[in-house]
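# Structural overview for review
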Amino acid sequence: MDSLGGLLLRISVLLYGSCGVLSLLPEITEPEFIRRCVLAHNAQRSRNAPPAASARSMSWDNELAKGARDRARHCKASHHPGLAHFGHPLFGWMGENIWLGAQFSAFSLENAIYGWSKGAYSLKNNNCSRMCGHYAQLMWSTSFKMGCAVNVCTRGIENFSTHPESTIFVCNYGDTGHVHGVTPYIAGVACSGCGSEICRDNVCKYDWFPGWDYGPPSSAYSISYWLTNLGLCLLGVCWLLHFYETH
C-alpha cells in the first residue's frame, strides 16, 4: 500500500473505526482492483525459473471472483471444502489461494501474490522447501481464469486471529492446479509451446473468454475495447437504417 493510501487508512480508522476500514475494501467489480490482480498474477507467471514452455496468461472471471468473495466472507483460515460445487459453467474443480493478515494496513495484493511465489520450488524434484500448494496453483500452466476478493473480518478469522481488522484475501482459479504428482508446468524456452497463441512477457497470451463472462478478454484491457465495440455496433445500426431508407 502506498504512503498516501496508508495515511488515508489510518485517518479513516481513527475517525470511523472498523466501519471506516470496511468502506475502503475494493469491490470485485472495481476495474482498478481487477487490473492489479490480473497484472500481479501474470507478472509472477512470466518469471518462472526455469522458464515455462506454455504457461497461459490469466484473465478475470466474474464467477470465480464471486466464489472468492463468498469464501472471504466466511472468515476462516482454511480452503473452501466444496471447490467442485460452485456451479461454475465451465470449470468443475477450481483452485484457491489464501492470504491472511492481522491488520488491513498490512495488506497489499501485490505482496500477497508475490508471497505465493516464494515456495522455494524445485521443478526437478517437484517439491518445495515450504508449503507448495500456493506456488503450484499460481504457476499452474493451464490455469487461465482467476477471480479474487478481499475482506476484513471485524470479529477475527477462525483459527488465525481475533484482531478486529483481520484481513483475508482469496483468489480462485480455473482450471485447478496442484494435482498430486504433476509438475505445475513444463520447462522449456519461454512460449515455445504457445502454438498459435501470441507470446507476451514470457506467457502465452490466451484471450479466450466464455459467453457468460461479458467483458473484454482481459480486465487489463483499456476502455478503448468497449469504445471500439460500441462504435462498431452504432456503425452497424446506422448502416441498417440507411439501407432500409434507401430500399
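Right, let's walk through the structure included here. Fair warning: this is a prediction, and the values are worked out from it, not measured in the lab.

## Details of the sheet that holds strand β1 (residues 59-60)
Strands sit in the order β1-β5-β6-β2 across an open sheet of four strands; the sheet is mixed. One side of each edge strand has no neighbouring strand; the edge strands of this open sheet are β1 and β2 (95-101). Relative to strand β6 (residues 166-174), β2 is paired through seven bridges, and the arrangement is antiparallel. Residue pairing in the sheet places G95 in a bridge with Y173 of β6. Against the sheet, helix α3 (residues 31-45) touches β1, β5 (145-153) and β6, its axis set at about 120° to β5.

## Description of the nonpolar core
Formed by 44 residues in total, the largest nonpolar core has its most connected members in W60 and F169. With six residues, β5 is the largest single contributor of residues to this core. In this structure, L64, F91, M94 and Y206 belong to the second largest nonpolar core, which totals five residues.

## Thoughts on the packing of aromatic side chains
Evaluated as defined, the whole model comprises seven aromatic pairs. Measuring from ring centre to ring centre gives 5.2 Å for F107 and F169, while their planes differ by 50°; the resulting arrangement is tilted. Residue F107 is found in the loop between β2 and α5 (109-116), and its partner F169 is found in strand β6; the two are separated by 62 residues along the sequence. For the pair formed by F107 and F169, the shared burial category is buried.

## A short note on the pairing of β5
The buried count for β5 comes to nine of nine residues, which makes it a mostly enclosed element. Here β5 shows two buried faces, one formed by K145, G147, A149, N151 and C153 and the other by M146, C148, V150 and V152. Relative to β5, β1 runs parallel, the two sharing two bridges. Across the sheet, the residue bridging to S59 is K145, located in β5. Bridging between β5 and β6 involves nine bridges; their strand directions are antiparallel. Bridge assignment links C148 to a residue of β6, and that residue is C171.

## Here's the deal with the side chain of S141
Checked against the element boundaries, S141 lands in the loop between α6 (133-139) and β5. Assessed through its relative accessible area of 12%, S141 is described here as buried. Ignoring sequence-local partners within four residues, the contact set of S141 consists of R45, S54, A55, R56, P184 and Y185.

## Points about the state of the cysteines
Applying the stated criterion across every chain yields a total of five disulfides. What pairs with C75 in a disulfide is C153, and their sulfur atoms sit 2.1 Å apart. Judged by the sign of its S-S torsion, about -95°, the bond between C75 and C153 is left-handed. One end of the pair, C75, is in the loop between α4 (62-73) and β2; the other, C153, is in strand β5, and 78 residues separate them in sequence. Both residues of the pair, C75 and C153, belong to the buried class. Bridging C191 to C199, the disulfide has an S-S length of 2.2 Å. Around the S-S axis, the bridge from C191 to C199 shows a dihedral of about 70° and counts as right-handed. Given a relative accessible area of 11%, C191 falls into the buried group. Residue C199 is classed as partly exposed on the basis of its relative accessible area of 42%. Across the protein, the disulfide pattern expressed with sequentially numbered bonded cysteines is 1-5, 2-3, 4-6, 7-9, 8-10. Not engaged in a disulfide, the cysteine C37 finds its nearest cysteine sulfur in C148; these two sulfurs lie 4.1 Å apart.

Procedures and definitions
Residues numbered from 1 in each chain as written. Predicted model: local features only at pLDDT ≥ 70, side-chain atom pairs only at ≥ 80, totals over all residues. Heavy atoms only, no water. Pairing = 2+ DSSP bridges. Helix = DSSP H or I, 4+ residues; strand = E, 2+ residues; numbered from the N terminus. Contact = heavy atoms within 4.5 Å. Axes fitted to C-alpha atoms, helices over the stretch in contact; angles between N-to-C directions. Core = buried A, V, L, I, M, F, W, Y, C linked by side-chain atoms within 4.5 Å. Buried < 20%, exposed > 50% of the residue type's maximum accessible area, 1.4 Å probe, protein only. Phe/Tyr/Trp six-rings, centres within 6.5 Å; stacked < 30°, edge-to-face > 60°. Disulfide = S-S within 2.5 Å.

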